Amino acid sequence: MNVLSCSINTLIKEGLYEISGVEVGQHFYWQIGGFQVHAQVLITSWVVIAILLGSAALAVRNPQTIPTGGQNFFEFVLEFIRDVSQTQIGEEYGPWVPFIGTLFLFIFVSNWSGALLPWKIIQLPQGELAAPTNDINTTVALALLTSVAYFYAGLSKKGLGYFSKYIQPTPILLPINILEDFTKPLSLSFRLFGNILADELVVVVLVSLVPLVVPIPVMFLGLFTSGIQALIFATLAAAYIGESMEGHH
Amino acid sequence: MANSIMASSKPLISLSSSTQPTRVNLPKSIKLPQIPKPISSSLSSKALSFSSATVKSLALIAALAPPSMAEAMEKAQLFDFNLTLPIIVVEFLFLMFALDKVYYSPLGNFMDKRDGEIKEKLASVKDTSAEVKELDEQAAAVMRAARAEIAAALNKMKKETQVEVEEQLAVGRKKVEAELQEALASLEKQKEETIKALDSQIAALSEDIVKKVLPS
């Protein structure tokens with residue numbers, strides 16, 4: 001009994017914890033001009049950006065009339081993004097395709113990179129590499145960009161008349177309408193952050209409890225959730241933009 | 001170190017009380033199987049005066065981690081906003097413009113162009129279908145003309161043959177009639193001859209009868 005527990009302990013200590021340690025809120029800090037940054041987020045985000053740009057450039061560099069392989073896939077993705085933007089924003093969706101598409105692709109590839117890429121091979125002195133979206137900085141950055149985007153969309157479409165939407169049904173709703181501008185980025189960022197962090201935690205905890213087989217369904221569930229979260233973020237961003245562009249009359 | 005862990009049934013107590021080992025093998029935070037064990041040691045050595053559960057767990061984490069780790073743990077936060085946020089914003093905007101240059105615009109334009117070409121081709125295909133209809137009508141007209149011609153020729157031939165047949169019929173009828181007349185005439189003649197012969201015989205016979213009846 002003692003020997004058994006010891007060996008399990010050792011096994012877990014030596015082998016599994018190096019790939020499955022739970023580290024919540026630990027960051028690998030870099031100093032940049034007196035400011036601190038979370039280096040693990042930056043490193044993984046660079047990798048994600050490199051993956052996106054590289055694969056897109058590779059697949060689209062010489063488009064064929066009859067698409068094959070990579071080009072076909074990227075055309076499918078682009079049509080999907082256009083479809084999402086068009087449904088949410090309406091006929092004037094064209095200029096917003098890059099924003100919505102980049103939101104979707106960046107979040108999606110980030111989430112899946114956290115689940116699929118073997119980041120744990122690379123040891124950091126502090127913290128660990130994971131999906132960039134499990135850091136609150138990333139999700140808040142994206143959510144704030146969304147806020148800026150829908151303000152820009154509304155102001156450029158309707159000028160200062162955009163602000164009349166705050167007293168739109170009745171002026172009584174003014175505080176609630178103003179509150180919405182704060183709850184939108186808040187809910188966007190926390191939804192994404194919480195989902196991705198919780199997903200990674202669940203997988204890690206399950207792996208540390210039962211290393212084999214059992215975590216696999218949860219991992220697949222995590223992949224599914226990651227995709228859904230990316231879609232939700234992009235769709236909501238598009239919906240906010242469309243909402244601020246449409247007429248309230 | 002693995003050996004020492006193997007040898008002891010409570011490896012964590014020995015770990016937490018020993019000098020600081022390397023970072024990799026140390027528990028850093030929530031490592032589930034190891035949490036309950038060192039409570040007694042850490043409590044007795046460090047946190048005797050505290051009684052609440054949260055303080056205990058804090059002390060536990062502090063006792064587990066080496067001093068540098070403990071410092072980091074104090075700093076460790078979920079909601080730790082710093083320069084990462086604007087950097088991610090800049091990175092995102094860069095990614096957006098780069099992807100627009102590399103992916104959305106070129107591929108989007110390409111797809112739109114191809115869509116236009118396909119629509120054009122479809123439209124031209126519809127045009128040729130009109131042409132096909134015209135040709136079809138022409139063919140039908142040609143067929144109609146040919147049919148009419150054939151019908152006319154047939155009618156003409158029918159008429160000609162009918163005329164011919166009627167002519168021959170008339171000729172035949174005349175011939176038959178002439179023969180009939182001839183036969184009738186010869187019949188009359190024979191009748192008269194026979195009657196004449198009978199008349200002459202009647203005279204002779206009546207003379208004979210008179211001779212026989214009248215005794216002379």
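Note that the coordinates shown come from a computational prediction; the quantities given were computed from them, not determined experimentally.

Colleague: Please provide a residue-by-residue account of the UniProt feature "transmembrane region" (unreviewed entry) in chain A, values included.
Modeller: Residues and elements named next belong to chain A. According to UniProt, the feature "transmembrane region" (unreviewed entry) maps to residues 37–60, 96–116, 136–155, 192–214 and 220–241 in the numbering used here. Split by type, residues 37–60 is 92% helix and 8% strand. Its first and last C-alpha atoms lie 34 Å apart. Split by type, residues 220–241 is 100% helix and 0% strand. Its first and last C-alpha atoms lie 32 Å apart.

Colleague: So what's going on with the nonpolar core? Which residues, and what values?
Modeller: Ranked by size, the top nonpolar core spans 62 residues in total, and within it Trp-96, Phe-99, Ile-100, Leu-105 and Ile-241 of chain A together with Tyr-103 of chain B carry the most contacts. Elements with a contribution of two residues or more to this core: helix H2 (39–60), helix H3 (69–89), helix H4 (97–116), helix H5 (136–158), helix H6 (174–209) and helix H7 (215–245) of chain A together with helix H6 (84–213) of chain B. The dominant element in this core, judged by the number of residues it contributes, is H6 of chain B, at 12 residues. Not counting residues within four places of it along the chain, the set of residues in contact with Ile-241 of chain A comprises Ile-89, Trp-96, Phe-99, Ile-100, Ala-149, Tyr-150 and Ala-153 of chain A. With 5 residues, the next largest nonpolar core counts Phe-28, Ala-39, Trp-119 and Leu-124 of chain A among its residues.

Colleague: How would you summarise the layout of surface pockets if you had to cite specific residues and measurements?
Modeller: All names here are of chain A. Estimated volume of the second largest pocket: approximately 430 Å³. What lines the second largest pocket is a set of 19 residues, among which Phe-73, Val-77, Leu-105, Phe-108 and Val-109 lie closest to the centre. Looking at the lining of the second largest pocket, the elements that each hand over two or more residues are H2, H3, H4 and H7. In terms of residues, the lining of the second largest pocket owes the most to one element, H4, which gives 7 residues. Per-class residue counts for the lining of the second largest pocket are 16 nonpolar, 3 polar and no charged.

Colleague: Can you explain the pattern of salt bridges? Please cite residues and give values.
Modeller: This structure, assessed with the given rule, holds 4 salt bridges over all chains. We note a salt bridge from Arg-114 of chain B to Glu-75 of chain A, for which the minimum N-O separation is 2.7 Å. Here Arg-114 of chain B, found in helix H6, pairs with Glu-75 of chain A, found in helix H3, and the two come from separate chains. Pair check on accessibility: Arg-114 of chain B and Glu-75 of chain A agree, each one buried. Between Lys-184 of chain A and Glu-243 of chain A there is a salt bridge, and its shortest N-O distance comes to 3.5 Å. Of the two residues, Lys-184 of chain A is situated in helix H6 and Glu-243 of chain A in helix H7; the sequence distance between them amounts to 59 residues. Residue classification places Lys-184 of chain A among the buried positions, given a relative accessible area of 6%.

Colleague: Could you give an account of empty space enclosed by the protein, naming the residues involved and the relevant values?
Modeller: Here the idea is plain: a probe the size of a water molecule rolls over the atoms and shows the empty space left. Residues and elements named next belong to chain A. In total, this model carries 3 cavities of 30 Å³ or more according to the counting rule given. Put simply, the second largest cavity is a space of about 40 Å³. Lining the second largest cavity, in full, are Phe-80, Ile-81, Val-84, Ile-100, Phe-104, Leu-231 and Ala-234. Listing elements by their share of the lining of the second largest cavity, those giving two or more residues are H3, H4 and H7. When residues of the lining of the second largest cavity are assigned to their parent elements, the largest contribution, 3 residues, is made by H3. The residue inventory of the lining of the second largest cavity, partitioned by class, reads 7 nonpolar, no polar and no charged.

Colleague: Can you break down a nonpolar patch on the surface residue by residue, with the values?
Modeller: Residues and elements named next belong to chain A. A cluster of nonpolar residues, Leu-209, Val-210, Leu-212, Val-213, Val-214, Ile-216, Met-219 and Phe-220, forms a patch on the protein surface that exposes about 770 Å² of accessible area. Ranked by residue count, the leading element in the nonpolar patch is H7, at 3 residues. Among the secondary structure elements, Met-219 is positioned in helix H7.

Colleague: Let's hear about a negative patch on the surface: which residues, and what values?
Modeller: Residues Asp-127, Glu-131, Glu-134, Asp-136 and Glu-137 of chain B make up a contiguous surface patch of negative charge. By the secondary structure assignment, Asp-136 of chain B is in helix H6.

Colleague: Describe the packing of H5 of chain A against H6 of chain B, and please don't skip the residues or the numbers.
Modeller: In the contact formed by H5 of chain A and H6 of chain B, the axes pass within 8 Å of each other and the chain directions differ by 55°. The angle between H5 of chain A and H6 of chain B places the two elements in the oblique class. In the crossing of H5 of chain A with H6 of chain B, the sense of the turn from one axis to the other is right-handed. Contacts between H5 of chain A and H6 of chain B involve Asn-137, Thr-138, Val-140, Ala-141, Leu-142, Leu-144 and Leu-145 of chain A from the former and Thr-84, Leu-85, Ile-88, Val-89, Phe-92 and Leu-93 of chain B from the latter. Split by residue class, the contact of H5 of chain A with H6 of chain B holds 10 nonpolar, 3 polar and no charged.

Cut-offs and rules
Residues numbered from 1 in each chain as written. Chains lettered and ligands numbered in written order. Predicted model: local features only at pLDDT ≥ 70, side-chain atom pairs only at ≥ 80, totals over all residues. Heavy atoms only, no water. UniProt positions renumbered as here; feature names shortened; annotations may be inferred. Helix = DSSP H or I, 4+ residues; strand = E, 2+ residues; numbered from the N terminus. Core = buried A, V, L, I, M, F, W, Y, C linked by side-chain atoms within 4.5 Å. Buried < 20%, exposed > 50% of the residue type's maximum accessible area, 1.4 Å probe, protein only. Contact = heavy atoms within 4.5 Å. 1 Å grid on protein atoms, 1.4 Å probe; cavity = no way out; pocket = protein on both sides within 12 Å on 5 of 7 lines; lining within 4 Å. Points joined across faces, edges and corners; volume = space filled by probe spheres on them. Nonpolar A, V, L, I, M, F, W, Y, C, P; charged D, E, K, R; others polar. Salt bridge = Lys/Arg side-chain N within 4 Å of Asp/Glu carboxyl O. Patch = residues over 30% accessible without salt bridge, like charges linked within 9 Å, V, L, I, M, F, W, Y side chains within 5 Å. Areas by Shrake-Rupley, 256 points an atom, 1.4 Å probe, with all protein chains shown as cover. Lys, Arg positive; Asp, Glu negative; His and termini not counted. Charge placed at Lys NZ, Arg CZ, Asp CG, Glu CD. Axes fitted to C-alpha atoms, helices over the stretch in contact; angles between N-to-C directions. Parallel < 35°, antiparallel > 145°, perpendicular 65-115°, else oblique. Left-handed = near helix turned anticlockwise from the far one by under 90°.

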